[in-house]
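These are the residues of each chain, in order.
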Amino acid sequence: MTAAVAIIGAGPAGVRAAEVLVRAGVRPRVFDEGLAAGGRIYQRPPGAFKRSAKELYGLEAAKAERVHNIFAKLEKYLDYRPQTLVWDIAGKTLFTLTGGTAYGTETFEQIIIAPGAVDRVMPLPGWTLPGVTTLGGAQIALKTQGVAIGEKVALVGSGPLLWLLAHQYVQAGAPLAALVDTTSFAAKARASAAMMAGDAATTLKGVYYTATLRLKRIPIHEGAVPVAIRGEERPRELLIKDGKGRDVTIACDAVALGWGLKPETRLADIAGVPFDYDEVQQNWIPVREMSGKTAVQGVYLAGDGARIGGADMAELAGARAAWAVLGERGAFVDEDEVNRLERALKKEAAYRDVLDKLFPFPSEILAGLPEETVLCRCEGVSIAGLKRTCAADAVAMTPLEVNRAKAFTRVGMGRCQGRMCGHTASEILARELKCGVREAGRLRAQPPVKPVPLVPVTTEALT
Amino acid sequence: MPKYMNLTRVSGSQRPRLDFELDGARCGALEGDTVLTAAVMRDGYVRRSEFDQGMRAGFCWMGACQDCWVTIEGRGRQRACATVVEQGMRVKRS
Ligand SMILES: Cc1cc2nc3c(=O)[nH]c(=O)nc-3n(C[C@H](O)[C@H](O)[C@H](O)COP(=O)(O)OP(=O)(O)OC[C@H]3O[C@@H](n4cnc5c(N)ncnc54)[C@H](O)[C@@H]3O)c2cc1C
Ligand code: FES
């Protein structure tokens, strides 16, 4: 059966897209690999584990409930496929895996790809120890499982999620060893006026989180550089250089790392959407118009999976993309609503620009990491391993870029397909080859976008 | 104190209990726990890395890093962070 319109992802972007389509009388087919709709920010604990929205989402509780309620009301007008991973796209056909075992194929006329983002991390000596997670991982553990990653947790990175997570851990009664921010206090102070002008409500939430942490006397290091995580069976201490360049040792039993997010772009890549390197966000992103339309007919992108914009922007972009789909289908398009959405999208984009410039990925820290640091967690390739490839290739005088380095070193060939190391491999390669990250090239995606089991499977087509 | 990851429950510990099998031994869990949570709560890790033999306890907790693979009887390789424990489920670390 052809579902006229498919949506991948039931986060804020996918839910708003579905809402616009249903109102216009279209019954979209919505795929999400998660157990429940809501996406990352509004992710819910599995069935039996009930907690209040306030406890789960704090200051975002009202927005979370709104997105969940919209989806609950829509559900009977949708063909919703929970726990369904879309792992490949070929022309107008999607390849799916439901519940981890049932393979299927589906066709579509138009598709809105809204798969969200993953944490952008950086390798550190000791980062493969049990008890080291991403910031997002530490948040998901708390939010959906009611567990803290340790009893003395050090948080390291930069960006809004760092401070929000610290606040959430403290609220949940999970003790923090320290918050280590690679962005300096001075940089944040300089940007504060622009942030207030861009989005006062969001900025004030940040100020509130910061203030509560200072009140609780959580050790905070700003403008700091993480050096190593030490420990045998789990982290015992985190070594940093503080804002004044002094060596500081932080006793801890867990560490969470993250420097903003990077879009999950593999499906767009496989669908044939062209990419460009975004110098501001320091990520490769699929090229699309503000409406979400891409160069591939019928393929639209929305939310953090297209470019990091946050949950509010994802809602707007999802709705906007749905109107673009309706336009392509020759249905009625409410131009006033489209204009309202575009104005709001532009306003959000301006605010995001301030955030992105304030919290750049600190690639200079990578340059200082010891050579033996594991770069690829999946296959244990070190930074030295990647650099050796560069040196060997320089001798052979063949142009090197990430995809070739990948073939030689296996960096980015592990089962995470470069989700954890791809961007750092590009940064290191660019430094070695003395070129820009753009010139070092982009790691191309290959199906399946996530590993799928080969055996045993039930091959019932879901059509 | 447990070895490896010191995962700590901070809320929702009043849920019904379940049992499943982890590498042939009984492992307790609370309803709504993922295989990752239950395994790490008990042992502090979920699997061993094939490359450096180090213990791993999940990294992203959201199905992206693939650092939590286990084998579930009847389902093959699955991500422990994306699989909710079911009563009587049989899980192998490799
Ligand atoms: C771990 C994490 C924690 C975050 N926490 C916060 C926070 O606390 N506050 C905040 O403001 N922002 C947070 N963010 C950012 C926020 O989640 C996003 O800005 C927002 O959710 C974007 O909405 P979206 O609809 O674009 O994507 P998402 O909400 O990420 O939704 C995407 C959905 O697509 C599904 N999906 C992805 N790939 C596939 C596939 N191949 N097949 C099927 N389904 C797929 C996913 O399961 C997911 O449900 C977080 C992000 C991450 C990654
Ligand atoms: S912990 Fe990363 S995929 Fe499960």
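A brief look at the structure comes next. (Residues numbered from 1 in each chain as written. Chains lettered and ligands numbered in written order. Predicted model: local features only at pLDDT ≥ 70, side-chain atom pairs only at ≥ 80, totals over all residues. Heavy atoms only, no water.)

**Observations regarding the site of ligand 1**
Residues and elements named next belong to chain A. Around ligand 1, a shell composed of 33 residues is seen, among which Ala13, Asp32, Val86, Gln139 and Asp304 lie nearest. At a separation of 3.3 Å, an oxygen atom of ligand 1 approaches a polar backbone atom of isoleucine 41. The contact in question runs from a nitrogen atom of ligand 1 to an N or O atom on the backbone of valine 86, over 2.9 Å. Considering ligand 1 on its own, with 980 Å² of exposed area, one finds that the protein chains cover 92% of that surface. Those elements that provide at least two residues to the shell around ligand 1 are helix H1 (12-23), strand E4 (84-90), helix H4 (135-145), helix H5 (160-171) and helix H9 (311-328). (Near = heavy atom within 4 Å. Polar contact = N/O pair within 3.5 Å; in protein donor to acceptor, adjacent residues only side chain to side chain. Areas by Shrake-Rupley, 256 points an atom, 1.4 Å probe, with all protein chains shown as cover. Helix = DSSP H or I, 4+ residues; strand = E, 2+ residues; numbered from the N terminus.)

**Quick word on the sheet that holds strand E13 (residues 225-230) of chain A**
Residue and element names in this part refer to chain A. Strand order in the open sheet formed by 3 strands is E13-E14-E15, with antiparallel pairing between adjacent strands. With one partner strand each, in any of the chains shown, E13 and strand E15 (247-251) form the two edges of the open sheet. In this sheet, adjacent strand axes meet at a mean angle of 25° when their direction is disregarded. Pairing geometry for E13 and strand E14 (residues 237-241), over 5 bridges, is antiparallel. (Pairing = 2+ DSSP bridges. Axes fitted to C-alpha atoms, helices over the stretch in contact; angles between N-to-C directions.)

**Points about the interface of chain A and chain B**
Of the residues lining the interface, 51 residues belong to chain A; the matching set on chain B comes to 45 residues. Buried area between chain A and chain B, both sides added, is near 4000 Å², and the carbon and sulfur share of it is 58%. In this assembly, chain A and chain B are joined by 3 salt bridges. In this structure, the salt-bridge partner of Glu233(A) is Lys3(B), at a minimum N-O distance of 3.4 Å. Applying the counting criterion to the chain A and chain B interface returns 18 residue pairs in polar contact (both at pLDDT 80 or more). (Contact = heavy atoms within 4.5 Å. Buried area = accessible area lost by both parts, 1.4 Å probe. Salt bridge = Lys/Arg side-chain N within 4 Å of Asp/Glu carboxyl O.)

**Side note on helix H14 (residues 422-432) of chain A**
Residues lying three or four places apart along an α-helix face the same way, a consequence of the helix completing one turn every 3.6 residues. Counting buried residues along H14(A), 9 of its 11 residues qualify, which places the element largely inside the surrounding structure. Along H14(A), the residues classified as buried are Gly422(A), His423(A), Thr424(A), Ala425(A), Ser426(A), Glu427(A), Ile428(A), Leu429(A) and Ala430(A). (Buried < 20%, exposed > 50% of the residue type's maximum accessible area, 1.4 Å probe, protein only.)

**Remarks on the sheet that holds strand E12 (residues 220-222) of chain A**
Residues and elements named next belong to chain A. With respect to topology, 5 strands assemble into an open sheet ordered E8-E16-E10-E11-E12, the strand pairing being parallel. Single-partner strands in this sheet number two, and they are strand E8 (132-134) and E12. Taking each pair of neighbouring strands and ignoring which way they run, the sheet shows an average axis angle of 15°. Across 6 bridges, the pairing between strand E10 (residues 153-158) and strand E16 (residues 254-259) is parallel. Bridge pairing in E16 links valine 156 to leucine 257.

**A short note on the packing of H1(A) against helix H3 (residues 61-74) of chain A**
Residues and elements named next belong to chain A. At a minimum axis distance of 10 Å, the contact between H1 and H3 shows a crossing angle of 40°. Between H1 and H3, the interaxial angle falls into the category oblique. H1 and H3 meet at a crossing whose hand is left-handed. In contact with Pro12, Val15, Arg16, Ala18, Glu19 and Val22 of H1, H3 contributes Arg66, Val67, Ile70, Phe71 and Leu74. For the contact of H1 with H3, a count of residues per class yields 8 nonpolar, no polar and 3 charged. (Parallel < 35°, antiparallel > 145°, perpendicular 65-115°, else oblique. Left-handed = near helix turned anticlockwise from the far one by under 90°. Nonpolar A, V, L, I, M, F, W, Y, C, P; charged D, E, K, R; others polar.)

**Brief notes about the layout of surface pockets**
Residues and elements named next belong to chain A. Its boundaries defined by the atoms lining it, the second largest pocket holds a volume of some 490 Å³. As for the second largest pocket, its lining consists of 28 residues, and the residues nearest its centre are Lys262, Thr265, Arg266, Gly418 and Leu443. Each residue belonging to the lining of the second largest pocket can be placed in one class, and the counts come to 9 nonpolar, 10 polar and 9 charged. (1 Å grid on protein atoms, 1.4 Å probe; cavity = no way out; pocket = protein on both sides within 12 Å on 5 of 7 lines; lining within 4 Å. Points joined across faces, edges and corners; volume = space filled by probe spheres on them.)

**Focus on empty space enclosed by the protein**
Counted under the stated rule, the structure contains 2 cavities of 30 Å³ or more. Looking at the largest cavity, its volume works out to about 40 Å³. Surrounding the largest cavity, Leu386(A), Val402(A), Ala405(A), Lys406(A), Thr409(A), Val411(A), Ala425(A), Leu429(A) and Leu443(A) form its lining. Sorting the residues of the lining of the largest cavity by element identifies helix H13 (402-409) and H14 of chain A as the ones contributing at least two each. The leading source of residues in the lining of the largest cavity is H13(A), at 4 residues. When the residues that make up the lining of the largest cavity are grouped by side-chain class, the tally is 7 nonpolar, 1 polar and 1 charged. In this structure, the second largest cavity encloses a volume near 30 Å³. As for the second largest cavity, its lining consists of Arg377(A), Cys378(A), Arg415(A), Arg47(B), Ser49(B), Glu50(B), Arg56(B), Cys65(B), Gln66(B) and Asp67(B).

Distances and angles like these do not, on their own, reveal function.
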